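Residue-level listing of the chains:
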Amino acid sequence: MACNKDSFERMSDSVLVMIPLTLSGGLQDAYSYFVRDRVFANAQTGNIILMSHELVSGNFGGCLRYLIPVLAFALGVLAAGVICSFHPGGSRIHWRQMVLAGEVILLAMVGLMPGEWNWLANALTSFSCAMQVQSFRSVEGSAYASTMCIGNLRSGMAHLSAALCGRDRTQLLEAGKYGAIILLFAIGGGMGSVLTRYMGLRTIWVSCGLLMAGCLLMGLGGGPADRVSRP
């Protein structure tokens, strides 16, 4: 799945778009954990570990609590690929803008769901997260993830190591870029933690606002939308 580097592509790869998406990613994880039954919307590794614990403990109901978001995440990755592959070339709306619009709709619905529907709220949040992480995978040409930190941390430290060993200023700047991404994610998580005290289940609507900002910022690129290159 590859798309040409037109103006929309450049904007989706920009720091300007990365900022609200990364803040949203941290907020989503804090939201699902603190107000939606201690489930991680984004960190599926944690869900798999907790699912395994429940399974070996014989708590099959608890196992489903973590299995559902894992499966929803997998389906979200698939959905993002389908949207990109079938989006018509020449459209005035970029396929990544369609992904963000879909996320906003899903997360707006999540904010309306009562606590008894936590399983569905977590599934939709994980599905949304997966579409985002699959669709936005680079910033200024460097691979990154807006909804989790482990890959960003590894890349940042690898660049820092290269900078220290080779005294390479370019590598140091790359390490700083990843450090900033991790900081933004942490700020988003802190925002989510604080806002849940005041907004409760509606906190996820702040994430909707951040995603809408990212969608609008992509439009600043102007020009025709992408032409999708089929494999």
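Reading the values: the criteria
Residues numbered from 1 in each chain as written. Predicted model: local features only at pLDDT ≥ 70, side-chain atom pairs only at ≥ 80, totals over all residues. Heavy atoms only, no water. Patch = residues over 30% accessible without salt bridge, like charges linked within 9 Å, V, L, I, M, F, W, Y side chains within 5 Å. Areas by Shrake-Rupley, 256 points an atom, 1.4 Å probe, with all protein chains shown as cover. Salt bridge = Lys/Arg side-chain N within 4 Å of Asp/Glu carboxyl O. Helix = DSSP H or I, 4+ residues; strand = E, 2+ residues; numbered from the N terminus. Buried < 20%, exposed > 50% of the residue type's maximum accessible area, 1.4 Å probe, protein only. Phe/Tyr/Trp six-rings, centres within 6.5 Å; stacked < 30°, edge-to-face > 60°. Axes fitted to C-alpha atoms, helices over the stretch in contact; angles between N-to-C directions. Parallel < 35°, antiparallel > 145°, perpendicular 65-115°, else oblique. Left-handed = near helix turned anticlockwise from the far one by under 90°. Contact = heavy atoms within 4.5 Å. Nonpolar A, V, L, I, M, F, W, Y, C, P; charged D, E, K, R; others polar.

Participant: Let's hear about a nonpolar patch on the surface: which residues, and what values?
Facilitator: A surface patch of nonpolar side chains, about 430 Å² in accessible area, is lined by Leu-75, Leu-78, Val-82 and Phe-86. Position of Phe-86 relative to the elements: it lies in helix H4 (residues 60-86). On the basis of relative accessible area, Phe-86 is assigned to the exposed category, the value being 66%.

Participant: Describe in detail the packing of aromatic side chains, supporting the description with residues and values.
Facilitator: Here the structure, examined in full by the defined rule, presents two aromatic pairs. With a centroid separation of 5.5 Å and 85 degrees between ring planes, the pair formed by Tyr-33 and Phe-34 is classed as edge-to-face. Where Tyr-33 meets Phe-40, the ring centres are 5.0 Å apart and the plane angle is 20 degrees; that geometry is what we call stacked. The exposure class assigned to Tyr-33 is partly exposed, which follows from its relative accessible area of 26%. A relative accessible area of 24% means that Phe-40 is categorised as partly exposed. Aromatic rings pair up to connect Tyr-33, Phe-34 and Phe-40 into one cluster.

Participant: Go over the packing of H4 against helix H6 (residues 118-135), please, and point to the residues and values.
Facilitator: Orientation of H4 relative to H6, taken along the N-to-C sense of each, is 40 degrees, at an axis distance of 7 Å. Taken as axis vectors, H4 and H6 run oblique relative to one another. Regarding H4 and H6, the two cross each other, and that crossing is right-handed. Of H6, the residues touching H4 (which contributes Ile-68, Pro-69, Ala-72, Phe-73, Leu-75, Gly-76, Val-77, Ala-79, Ala-80 and Ile-83) are Trp-119, Asn-122, Ala-123, Ser-126, Phe-127, Cys-129, Ala-130, Met-131, Val-133, Gln-134 and Ser-135. Here the contact of H4 with H6 is composed, by residue class, of 16 nonpolar, five polar and no charged.

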